[in-house]
Amino acid sequence: MNIPNKVAYLGPVGTYTHQAALNAYEEEGFQFEPQVEIKSVFDAVQNDIAIRGVVPVENSTNGAVMATLDLLADIQGRYPDIVVCGEVYFDVRHCLLGRSATRTESEWTSGRSPQTVNDPNAAGPKGTPRVSIKHIKRLYSHPQAWGQCTLFLDTFLTGVERVDTTSTSRAAELTASDSTGTSAAISSLSAAHVHGLEILAEGIQEKNDNKTRFFLIKKQNAQPSPFARPEQSHGTKDDYKSLVALTVRDRPGSLVEALAVFRDHDINLTSIQTRPSGTAPWNYTFVIEFVGLRAVQGGSVNRALADLGDVVEHVKWLGCWHKES
Ligand SMILES: O=C(O)C(=O)C[C@]1(C(=O)O)C=C[C@@H](O)C=C1
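Residues numbered from 1 in each chain as written. Predicted model: local features only at pLDDT ≥ 70, side-chain atom pairs only at ≥ 80, totals over all residues. Heavy atoms only, no water.

Looking at an unreviewed UniProt entry, one finds the chain named prephenate dehydratase, with Patellaria atrata CBS 101060 as its source organism. Recorded under Pathway (unreviewed entry), the UniProt text for the chain is reproduced unchanged: "Amino-acid biosynthesis; L-phenylalanine biosynthesis; phenylpyruvate from prephenate: step 1/1." In the Catalytic activity (unreviewed entry) part of its UniProt record, the chain is described as follows: "prephenate + H(+) = 3-phenylpyruvate + CO2 + H2O". (UniProt positions renumbered as here; feature names shortened; annotations may be inferred.)

Draft legend 1. Fine view of the side chain of Q35. Here Q35 is to be found in strand β2 (residues 31-35). Since its relative accessible area comes to 16%, Q35 is described here as buried. Among the polar contacts listed, one links the side chain of Q35 to the backbone oxygen of E33, at a separation of 3.3 Å. (Helix = DSSP H or I, 4+ residues; strand = E, 2+ residues; numbered from the N terminus. Buried < 20%, exposed > 50% of the residue type's maximum accessible area, 1.4 Å probe, protein only. Polar contact = N/O pair within 3.5 Å; in protein donor to acceptor, adjacent residues only side chain to side chain.)

Draft legend 2. Structural detail: the sheet that holds strand β10 (residues 198-202). The sheet built from five strands is open, its strands ordered β8-β7-β9-β6-β10 with mixed pairing. Each end of this open sheet is capped by a strand with a single partner; those strands are β8 (161-164) and β10. Neighbour-to-neighbour, the strand axes of the sheet open up by a mean angle of 30 degrees, direction not taken into account. Note: strand β7 (residues 138-141) against strand β9 (residues 183-187), three bridges, orientation parallel. What sits directly across from L139, in β9, is A184. (Pairing = 2+ DSSP bridges. Axes fitted to C-alpha atoms, helices over the stretch in contact; angles between N-to-C directions.)

Draft legend 3. Seen up close, the site of the ligand. Around the ligand sit 14 residues, and of these Y16, T17, Q148, T168 and T212 come closest. One of the side-chain N or O atoms of T17 is found 2.5 Å from an oxygen atom in the ligand. One of the side-chain nitrogen or oxygen atoms of H142 is found 3.5 Å away from an oxygen atom of the ligand. For the ligand, whose accessible area on its own is 350 Å², the fraction buried by protein is 100%. Placement of the ligand is best described as lying within the largest cavity. Only α1 (16-25), β3 (52-59) and β11 (211-219) provide two or more residues apiece to the shell around the ligand. Class assignment of the residues belonging to the shell around the ligand gives a composition of five nonpolar, nine polar and no charged. Split by domain, the residues of the shell around the ligand number at least three in each of domain 1 (1-91 + 210-221) and domain 2 (95-202). (Near = heavy atom within 4 Å. Areas by Shrake-Rupley, 256 points an atom, 1.4 Å probe, with all protein chains shown as cover. 1 Å grid on protein atoms, 1.4 Å probe; cavity = no way out; pocket = protein on both sides within 12 Å on 5 of 7 lines; lining within 4 Å. Sits in = over half its atoms within 2 Å of the grid points. Nonpolar A, V, L, I, M, F, W, Y, C, P; charged D, E, K, R; others polar. Domains from an automatic or database assignment.)

Draft legend 4. Broad picture of the environment of S183. One can find S183 in strand β9. The class of S183 is buried, set by a relative accessible area of 1%. The spacing of S183 and V160 is 23 residues in sequence and 10.0 Å in space, taken between C-alpha atoms. There is a polar contact of 2.4 Å between the side chain of S183 and the side chain of D178.

Draft legend 5. Focus on unusual backbone geometry. Cis rather than trans, the peptide bond between G11 and P12 has omega equal to 0 degrees. In this structure, D266 is a non-glycine residue whose phi angle is positive, near 60 degrees. Inspection of the secondary structure assignment puts D266 in the loop between α10 (254-264) and β13 (269-276). Residue classification places D266 among the exposed positions, given a relative accessible area of 73%. Residues other than glycine seldom take positive phi values, yet W282 does so here, at roughly 65 degrees. Along the chain, the position of W282 falls in the loop between β13 and β14 (284-291). Exposure remark for W282: the relative accessible area of 74% places this residue in the exposed category.

Draft legend 6. Highlighting the packing of aromatic side chains. Counted according to the given criterion, the structure contains six aromatic pairs. Sitting over the ring of W146, R162 keeps its end group 5.5 Å from the ring centre. (Phe/Tyr/Trp six-rings, centres within 6.5 Å; stacked < 30°, edge-to-face > 60°. Lys NZ or Arg CZ within 6 Å of the ring centre and 35° of its normal.)

Draft legend 7. Local environment of the nonpolar core. Among the nonpolar cores identified, the biggest contains 26 residues, and F42, F215, I217 and L243 are the most heavily contacted of them. Mapped by element, the contributors of at least two residues to this core are β1 (6-10), α2 (38-46), β3, α3 (66-73), β5 (82-91), β11, β12 (240-248) and β15 (312-322). Residue-level mapping places this core at the junction of two domains, with at least three residues from each of domain 1 (1-91 + 210-221) and domain 3 (238-325). The contact partners of L243, leaving out residues within four places of it in the chain, are L72, V84, F215, V287, I288, E289, F290, K316, W317, L318, G319 and W321. Counting residues in hydrophobic clusters, the runner-up holds 19 residues, among them V83, V248, F262 and A304. (Core = buried A, V, L, I, M, F, W, Y, C linked by side-chain atoms within 4.5 Å. Contact = heavy atoms within 4.5 Å.)

Draft legend 8. Region of the structure containing empty space enclosed by the protein. Overall, the coordinates contain two cavities of 30 Å³ or more when judged by the stated rule. Put simply, the largest cavity is a space of about 200 Å³. Along its surface, the largest cavity is lined by 17 residues, and Y16, P56, H142, Q144 and T168 are the ones closest to its centre. Of all elements in the fold, only α1, β3, α6 (143-146) and β11 reach the threshold of two or more residues within the lining of the largest cavity. For the lining of the largest cavity, the residue count by class is seven nonpolar, 10 polar and no charged. Both domain 1 (1-91 + 210-221) and domain 2 (95-202) contribute no fewer than three residues apiece to the lining of the largest cavity. (Points joined across faces, edges and corners; volume = space filled by probe spheres on them.)

What follows is the structure, encoded as structure tokens:
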């Protein structure tokens, strides 16, 4: 029998999402399938190519990952079955990866590492380049990473062209393919190894406690997988979080009415993100996360969902999961 056991993640190998996916599922015998963009992870899960997906949703320094919120809110109805079934927090420690100016072209192509890479004494103060980076003319990274490294970029790489990439590991891949050695990527230690790049600077993110939260997604009502741990088998309802996306009617007080439903059912909200709904200019979708577990029948979450149905224009259930912090 062909048992689906694939986990789709934002690739290529070496992204932070890949590392989060390994943390979540490595022990369970899954196969890991890199995807080019966050949307492709949703496509793979919706189309049964993968049984689980892993996507970034929020960074502690730079805020929400808009692409993920928009795909979850799914205004075009392309992902009707996708729900969140878990979360993973991952410490994000960015590096500047590239080639040092002192290396000759033949050293770059032979893959020989210069001393700076493995020399523990080579690192200067936190975030300071280990070698001269004056030769860097182009920087690649995922847009989320720019906002996590503002101080480093403003201090050492001001005025250098920035090119957005679909992920930080893709940024490292593009840097590795630049034979002039004048490109650099903001990426991970793991991507440095995967793409054979030097670590020009390490720990260049603004905050020491920089973390990204990732969502684990699946299809609602998917058959339980023999590979996945049961997701809702432990703790009380306060150990779970739930997610909905809603649009309210265009009239005074409509958002207040929606929020009052959560209060009336004693439900504690943990975040509200606002996104353009896509239906008309200045019309918004609210992605709302709260403490609570949705029971099969009854319970405060089901009662709140029923009441929300009476006061909002549209509400989409987006899943519940055991909270990890
Ligand atoms: O590009 C990666 O490596 C990713 O996994 C994506 C992502 C994100 O979108 O937030 C994940 C962690 C970091 O915050 C930067 C980028």
